[in-house]
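Now for the letters of each chain:
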There are 2 protein chains.
Amino acid sequence: MGDQVSLAVSTVIFALRPHPRTHRPVLWLPLVRRIRAPHQGRWALPGGPLASDEGLAASAARNLRETTRLTPQYLEQLYAFGGLDRASTADERTVSVIYWALVRPEEADAGEAGVNVQWFVADELPELAFDHSLIVEYALWRLRNKVEYSRIAAAFLGETFTLAELRAVHEAVLQRTLDPANFRRQMETAGRLVATEAFRTGGRHRPARLYRHDQSIHLADNGPLTGL
Amino acid sequence: MGDQVSLAVSTVIFALRPHPRTHRPVLWLPLVRRIRAPHQGRWALPGGPLASDEGLAASAARNLRETTRLTPQYLEQLYAFGGLDRASTADERTVSVIYWALVRPEEADAGEAGVNVQWFVADELPELAFDHSLIVEYALWRLRNKVEYSRIAAAFLGETFTLAELRAVHEAVLQRTLDPANFRRQMETAGRLVATEAFRTGGRHRPARLYRHDQSIHLADNGPLTGL
DNA sequence: AAAATAGTGTCTGTTAGACAATATGCG
DNA sequence: CGCATATTGTCTAACAGACACTATTTT
């Protein structure tokens, strides 16, 4: 005994914020500084051991709330990592179930929650603890993939939004500009948007119509349980 | 104490075999009859507790070998299930990491390995133990999805194969007929096939060219580790 | 020659992308 | 009015699917 496998849950939390230099919206994520060995002092994904009385997703959501004071708009399981090579200085063996989440930073924003928590631009991360650099890379790949065929981008926006706002989210995630005309048609063809009668005014230009997402369509597959 | 979470690994194993009535190739999978409570007597996915000295995928492969005497041609993680509602009569809490695998039944075939192991047609399963019916449904969905954009179908075939053979695999997985002309062009366009100089003779018709898969292309993403 | 599958050609409808043109509120 | 973005229109290349047609081997 003593060689029991322990189970942890960690989460890659994405939010959209302006880049400090370019001021264009980019992906950020919060990391936690490790205060004990192994990898003491390095930045790591927020997470912790799975409590015996909570589900995997619930554990991820709780940890997210404790780390950032935010509520996830979207939460999906990413992968379970359990290789023997993970814990570099290990008597103990840990399997980590990783989730990824999208949040709206507006809500509690710069509260900067915990003292050992700091937000980083997702594409400019330091070397992380354990295999967390690899995990973040994979989560980014999944997000960039999924934004193209699901209504996941909604998680970064409010109840209603203009097509330009929605397009800005896609552009930030995909890191390339999109043709406004073609983007509009793709969204219309996809049939996930519902036009409202309201318009966004205030710019020095023609007001844009506000849309909302069709609530009758599930946001995405949160695993085999909810989605199809 | 005593409320520790235990970790198990189970695998959905797919093979192609003729349907007992129609004789057309369909998906089969092996199940194990439970010999103890809970769900005693019901059929369940092969699996077992994770040994502390083996990785998750290694555990799945070992269990697959012990259950079917077969070597997986393809193995990928499906999902980690850890809801509190899983174990129906539980003092204990179990999180299951599920893998899915493709095997070639020709190899050891009707050995029918263990005495409590039986193969079933994937679309004609009885009610399974725990949430395993849901899990199989999800695995089928993943397989049917993936066959359309990866070279996963290769796992059901030998080193070389005709386009008709490859098409038969796709048809069996997708459960619909495919146009031979269009299928050929799609495979050629995808660029994953390499034509050999050999032909398959023996039918009462024109011989068909044999192809092989481009080895330089990874089979698929076995998680973030191998694939991209 | 007849059968049967291998393999090619052609047509149509849909879609992604590039880019031109028009619409309209705001300063 | 003129700017800036919203919104619509048009054209082309690529692709999927339906289906006709030709090629080649076995019996």
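Residues numbered from 1 in each chain as written. Chains lettered and ligands numbered in written order. Predicted model: local features only at pLDDT ≥ 70, side-chain atom pairs only at ≥ 80, totals over all residues. Heavy atoms only, no water.

- Per an unreviewed UniProt entry, chain A carries the name NUDIX hydrolase and comes from Brachybacterium alimentarium.

Here we look at the sheet that holds strand β8 (residues 161–162) of chain A
All names here are of chain A.
- Pairing within the open sheet is antiparallel, and its three strands lie in the order β8-β10-β9. Sheet topology places β8 and β9 (193–200) at the edges, where each strand pairs with a single neighbour.
- Both β9 and strand β10 (residues 208–213) contribute to a ladder of five bridges, which runs antiparallel. Looking across to β10, one finds that Arg200 is bridged to Ala208. (Pairing = 2+ DSSP bridges. Helix = DSSP H or I, 4+ residues; strand = E, 2+ residues; numbered from the N terminus.)

Here's the deal with the environment of Arg144 of chain B
- Examined against the element boundaries, Arg144 of chain B turns out to sit in helix α2 (residues 132–146).
- Leaving out residues up to four positions away in the same chain, Arg144 of chain B has contacts with Leu27, Asp123, Val173, Leu174 and Gln175 of chain B. (Contact = heavy atoms within 4.5 Å.)

A closer look at the domain arrangement of chain A
Residues and elements named next belong to chain A.
- As far as domains go, chain A holds domain 1 (4–146) and domain 2 (152–213).
- Taking only C-alpha atoms, the centre of domain 1 and the centre of domain 2 are 28 Å apart.
- Contacts between domain 1 and domain 2 engage 15 residues on the former and eleven residues on the latter.
- Between domain 1 and domain 2, roughly 1200 Å² of surface is buried when both sides are summed, and carbon and sulfur atoms account for 70% of that area.
- Looking only at domain 1, the three residues that lose the most surface to domain 2 are Leu16, Arg104 and Arg144, adding up to 42% of its buried area.
- There are zero salt bridges connecting domain 1 and domain 2.
- Summed over the shared surface of domain 1 and domain 2, the result is four residue pairs in polar contact (both at pLDDT 80 or more). (Domains from an automatic or database assignment. Buried area = accessible area lost by both parts, 1.4 Å probe. Salt bridge = Lys/Arg side-chain N within 4 Å of Asp/Glu carboxyl O. Polar contact = N/O pair within 3.5 Å; in protein donor to acceptor, adjacent residues only side chain to side chain.)

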